[in-house]
Amino acid sequence: DKNMNPQEEAINTQKIELIRMFVTKLPAKYQRLVRLRYFQELSYEEIAKELEAPLGTVKAQLHRARELMYELVKNKKEHI
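Position labels on residues start from 1 in each chain and follow its written sequence. In keeping with the predicted nature of the model, local features appear solely for residues at pLDDT of at least 70, side-chain atom pairs appear and are counted solely at 80 or more, and the whole-chain, interface and lining totals rest on all residues. Neither water nor hydrogens contribute to the side-chain values; these are computed over all heavy atoms in the structure.

1. Some words on the environment of M69
Link 1 in the chain: Looking at where M69 falls in the secondary structure, it is placed in helix α4 (residues 55-73).
Link 2 in the chain: For M69 and L55, which are 14 residues apart along the polypeptide, the C-alpha to C-alpha distance reads 21 Å.
Link 3 in the chain: Whether two residues are in contact is decided by their heavy atoms: any pair within 4.5 Å suffices. Residue contacts for M69: discarding those within four places in its chain leaves I19, F22, V23 and L26. Each helix corresponds to a stretch of at least 4 residues labelled H or I by DSSP, and each strand to a stretch of at least 2 residues labelled E; elements are numbered beginning at the N terminus.

2. Topic: the packing of helix α3 (residues 44-51) against α4
Link 1 in the chain: Contact pair α3 / α4: the axes reach a minimum separation of 9 Å and the direction vectors enclose 105°. When the axes of α3 and α4 are compared, the pair comes out roughly perpendicular. From α3, Y44, E45, I47 and A48 reach across to α4, where they touch L55, V58, K59, L62 and R66.
Link 2 in the chain: Throughout this entry, Asp, Glu, Lys and Arg are counted as charged residues, while Ala, Val, Leu, Ile, Met, Phe, Trp, Tyr, Cys and Pro are counted as nonpolar. The remaining residues, Gly among them, count as polar. Among the residues making up the contact of α3 with α4, the classes are represented as six nonpolar, no polar and three charged. Lines fitted to the C-alpha atoms define the axes, with helices restricted to the stretch that makes contact. Angles between their N-to-C directions range from 0 to 180 degrees. What sets the label is the angle itself: under 35 degrees gives roughly parallel, over 145 gives roughly antiparallel, 65 to 115 gives roughly perpendicular, and the rest give oblique.

3. Details of the packing of aromatic side chains
Link 1 in the chain: Stacked, tilted and edge-to-face are the three classes applied to pairs of Phe, Tyr and Trp rings, where Trp contributes its six-membered ring and a pair requires centres within 6.5 Å; stacked means planes under 30 degrees apart, edge-to-face means over 60, and tilted covers the rest. Under the counting rule described, the total for this entry stands at zero aromatic pairs.
Link 2 in the chain: For a Lys NZ or an Arg CZ to count as sitting over a ring, it must be within 6 Å of the ring centre and within 35 degrees of the ring normal. The side chain of R20 reaches across the aromatic face of F39, ending 4.2 Å from its centre.
Link 3 in the chain: In this structure, K59 is placed above the aromatic ring of Y44, and the distance from its NZ or CZ to the ring centre is 5.9 Å.

As structure tokens, this is what we get:
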């Protein structure tokens, strides 16, 4: 956001780094999916093509990755 002050920008940067750290704690297949979807902003269809996997599998595994991330983050919410 271009309207953030320097303090807000610093906090946002710290949050992004914290999220990236949590992603590294996921199993490798989920890390790759999360990176493709949320960091590279690929569509589900693009991810399916990239991984040569059925679209339903991509959606199901991303759902599982989000559940795992939630489990990692839920006790740390006050820090995020």
